[in-house]
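# A closer look at the structure
The primary structure of each chain is shown beneath.
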Amino acid sequence: MSGYQGPTRVFSGIQPSGGMHLGNYLGAIRKFVDLQHEYDCHFCVVNMHAITVWQDPQKLLEQTMHIAAAYLAAGVDPEKAVVFHQSGVRAHAELAWILNCVARVGWVNRMTQFKDKAGKDAERASVGLYTYPVLMAADILAYKATHVPVGEDQKQHLELARDIAAKFNHDYEKPDFFPQPEPLIKGQFGETGARIMSLRDGTMKMSKSNPSENSCIYLTDEAELIAKKIKKAKSDPEPLPTEPDGLEGRPEAKNLVGIFATLSGKSEADVLAEFGGQGFGVFKPALADLVVEKISPISEEMRRLENDPAYLQGILRKGAERASEVTEPILKEVKEIVGYLV
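The rules behind the values
- Residues numbered from 1 in each chain as written.
- Predicted model: local features only at pLDDT ≥ 70, side-chain atom pairs only at ≥ 80, totals over all residues.
- Heavy atoms only, no water.
- Helix = DSSP H or I, 4+ residues; strand = E, 2+ residues; numbered from the N terminus.
- Expected span 1.5 Å × (residues − 1).
- Bend = angle between axes of the 7 residues up to and from the residue.
- Buried < 20%, exposed > 50% of the residue type's maximum accessible area, 1.4 Å probe, protein only.
- Contact = heavy atoms within 4.5 Å.
- Salt bridge = Lys/Arg side-chain N within 4 Å of Asp/Glu carboxyl O.
- Axes fitted to C-alpha atoms, helices over the stretch in contact; angles between N-to-C directions.
- Parallel < 35°, antiparallel > 145°, perpendicular 65-115°, else oblique.
- Left-handed = near helix turned anticlockwise from the far one by under 90°.
- Pairing = 2+ DSSP bridges.
- Right-handed = clockwise from strand over helix to strand, strands pointing away.
- Patch = residues over 30% accessible without salt bridge, like charges linked within 9 Å, V, L, I, M, F, W, Y side chains within 5 Å.
- Areas by Shrake-Rupley, 256 points an atom, 1.4 Å probe, with all protein chains shown as cover.
- Core = buried A, V, L, I, M, F, W, Y, C linked by side-chain atoms within 4.5 Å.
- Phe/Tyr/Trp six-rings, centres within 6.5 Å; stacked < 30°, edge-to-face > 60°.

Here helix α1 (residues 22-35) is 14 residues long and its end C-alpha atoms lie 19 Å apart, about the 20 Å a rise of 1.5 Å per residue gives. At Ala28, α1 shows its strongest bend, of approximately 35°. Most of α1 sits out of view: 11 of its 14 residues are buried. Looking at α1, one finds that the buried residues are Leu22, Gly23, Asn24, Tyr25, Leu26, Ile29, Arg30, Lys31, Phe32, Val33 and Leu35. Packing partners of the buried residues in α1 comprise β1 (9-14), β2 (40-45), α3 (57-74), α10 (251-264) and α12 (280-306).

Below, the structure written as structure tokens:
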């Protein structure tokens, strides 16, 4: 982080574009709960990112409440961490424009996620989808966040945020004005979470966009449905190995063992010491029981919270006010630095 002297601050967000699933919980939200006790944390519902592709307005509002409910039900305390909606804090949009003028076209052209999402129809994609990574940089730098929990698919965007921060500091001769945000990695500030794969294809990330309902365990699934999905999860005919090395080349087996390990707080080696040599007919029921035990209380609380949208909206609005208290002085200073009349 060079010579940056500001506070250690964590920023992260989830896009409201579908139901929250087990991958979201184990890969991100559960770690938000841990981080809030140690650091100044800002956890956002990134509804501005969501509209880079078409969203039904009513559904977008409902999904925003859904993400907020998932945060709270999983144990994020809005009195400890700041929980808010991105569009409720003007600094995200205003700083994004300034950073659009700092970022270089060549940098954005290298972003692989735009190519993946736009596909062959890139000419018809929204400009917002193209400049999405610059808005992500603004999300982070508006708080002068020093650390960001990111998945593999977002690491390139974080690198862009670092490049933009460095260029801003250099161009305006303000060394260390923005920090160099760092990814939260394994062993630093706690684990950042497991990479949970599809129940139907162990080589693909668990995703709400997968057309198969059985590929994904949603946080609002009933216990019977969770057990059914795990029973139908793709596996292979071989018994589980007794050592983690034996999972190589067996992506579905590795995924199911990984889910068990992450939920139970054990290592893969511990899980295989218990179940190694046994078939999936033994392991899957045990996994189903564990998932139901850990997820059902969250599911019940999410359903309760989603039945009280006024409460959730109040949490988000209060959080947006708190977030703005952090971002407004930073935004004002940025405007002064670039020569705006403030």
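Further remarks concern the side chain of His85. Mapped onto the secondary structure, His85 falls in strand β3 (residues 82-85). Look at His85 and you get buried, because its relative accessible area is 16%.

This part is about the pattern of salt bridges. What the rule picks out here adds up to 15 salt bridges. Across the salt bridge formed by Arg90 and Glu94, the nearest N and O atoms sit 3.2 Å from each other. Using a relative accessible area of 45% as the deciding quantity, one classes Arg90 as partly exposed. Using a relative accessible area of 26% as the deciding quantity, one classes Glu94 as partly exposed. Here the salt bridges share partners, and the residues they tie into one network are Arg90, Glu94, Glu328 and Lys335.

A few words on the packing of α3 against α12. Taken N-terminus to C-terminus, the directions of α3 and α12 make an angle of 135°; their axes are 9 Å apart at the nearest point. Classified by the angle between their axes, α3 and α12 sit oblique to one another. Our pair here, α3 against α12, has a crossing hand that is right-handed. For the pair α3 and α12, the contacting residues are His66, Ala69, Ala70, Leu72, Ala73 and Ala74 in the first and Ile298, Glu301, Met302, Leu305 and Glu306 in the second.

To continue, consider the pairing of β2. Burial analysis of β2 places five of its six residues in the buried class, the great majority of the element. Where β1 and β2 come together, six bridges link them in parallel fashion. When the bridges of β2 are listed, Ile14 appears paired with Val45. With α1 bridging β1 and its parallel neighbour β2, the resulting β-α-β unit is right-handed. In this sheet, β3 lies alongside β2 in parallel orientation, the contact comprising four bridges. Directly across from His42, in β3, lies its bridge partner Val82.

For the rest of this paragraph, the subject is a nonpolar patch on the surface. A cluster of nonpolar side chains, namely Trp97, Tyr340 and Val342, defines an oily patch on the protein surface of about 350 Å² accessible area. Its place among the elements puts Val342 in the segment after α13 (309-338). A residue is classified by how much of its surface remains accessible, and Val342, at 53% relative accessible area, is exposed.

With that out of the way, let us pick up the nonpolar core. In this structure, Tyr25, Tyr71, Phe283 and Val291 are the most contacted members of the largest nonpolar core, which totals 62 residues. Leaving out residues up to four positions away in the same chain, Phe283 has contacts with Leu240, Leu256, Val257, Phe260, Val271 and Phe275. In this structure, Leu95, Leu135, Ala138 and Ala323 belong to the second largest nonpolar core, which totals 43 residues.

Enumeration according to the criterion identifies 13 aromatic pairs in this entry. Between the aromatic rings of Phe168 and Tyr172, the centroid separation amounts to 4.9 Å while the plane-to-plane angle is 40°, which identifies the pairing as tilted. Its relative accessible area of 32% is what places Tyr172 among the partly exposed residues. Measuring from centroid to centroid gives 4.8 Å for Phe177 and Phe178, while their planes differ by 70°, and the two rings are edge-to-face. Taken together, the ring pairs connect Phe168, Tyr172, Phe177 and Phe178 into an aromatic cluster.

The next subject is the environment of Glu159. Along the polypeptide, Glu159 turns up in helix α8 (residues 155-171). On the basis of relative accessibility, which here comes to 43%, the residue Glu159 falls in the partly exposed class. With 21 residues separating them along the chain, Glu159 and Gln180 place their C-alpha atoms 9.2 Å apart.

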